[in-house]
Amino acid sequence: TVKAAKKYKCRTIALGGGVAANSLLRQAMAASAGAEMIETLLPPRNLCTDNAAMVGACAYFQARTKRLSSLSLQAVASLKLV
């Protein structure tokens, strides 16, 4: 991450998701980035959760109400800037 940040001249790295709760990773990222004068944004650990349970719960309730998609569904990523 730090190598990529240096290559693309990023001044800030944000760590997030379930992996960001790992104390060793948080320390190593902050130390490595700090050595390169790159700011590291670390959210509070209690906000660094894996959302797989939320996705699973959503799928469960969608299936219960028979709101299903076929296996040929195409995933499409979209970015809407406000």
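Before any of the text, the structure's been laid out above.
A. Representation of the pattern of salt bridges. Following the criterion strictly, the structure yields one salt bridge and no others. A salt bridge links Lys-6 to Glu-36, with the nearest nitrogen and oxygen atoms 3.5 Å apart. Pair noted here: Lys-6 is in helix H1 (residues 2–7) and Glu-36 is in the loop between helix H2 (23–35) and strand E2 (39–41), with a separation of 30 residues, a long-range link. When its relative accessible area of 45% is taken as the criterion, Lys-6 is described as partly exposed. Judged by relative accessible area, Glu-36 falls into the partly exposed class, the value being 37%.

B. Structural detail: the packing of aromatic side chains. The final tally for this structure, using the stated rule, is one aromatic pair. Note on Tyr-60 and Phe-61: the rings are 5.0 Å apart at their centroids and 75 degrees apart in plane angle, and the pair reads as edge-to-face. Judged by relative accessible area, which is 47%, Tyr-60 ranks as partly exposed.

Conventions used here
- Per chain, residue numbering runs from 1 following the sequence as it is written.
- Reporting in this predicted model follows two pLDDT cut-offs: at least 70 for local features of residues, and 80 or more for side-chain atom pairs to be given and counted; totals over whole chains, interfaces and linings ignore these cut-offs and use all residues.
- Each side-chain value is worked out from all heavy atoms of the structure, with water and hydrogens disregarded.
- Counted as salt bridges are all cases of a side-chain nitrogen of Lys or Arg within 4 Å of a carboxyl oxygen of Asp or Glu.
- Counting from the N terminus, the helices are the DSSP runs of H or I reaching at least four residues and the strands are the DSSP runs of E reaching at least two.
- Each residue is assigned to one of three classes by its accessible area relative to the maximum for its type, calculated with a 1.4 Å probe on protein chains only: buried under 20%, partly exposed between the two thresholds, exposed over 50%.
- Centres within 6.5 Å are what make two rings of Phe, Tyr or Trp a pair, Trp counting through its six-membered ring; a difference in plane orientation under 30 degrees is then read as stacked, over 60 as edge-to-face, and the rest as tilted.

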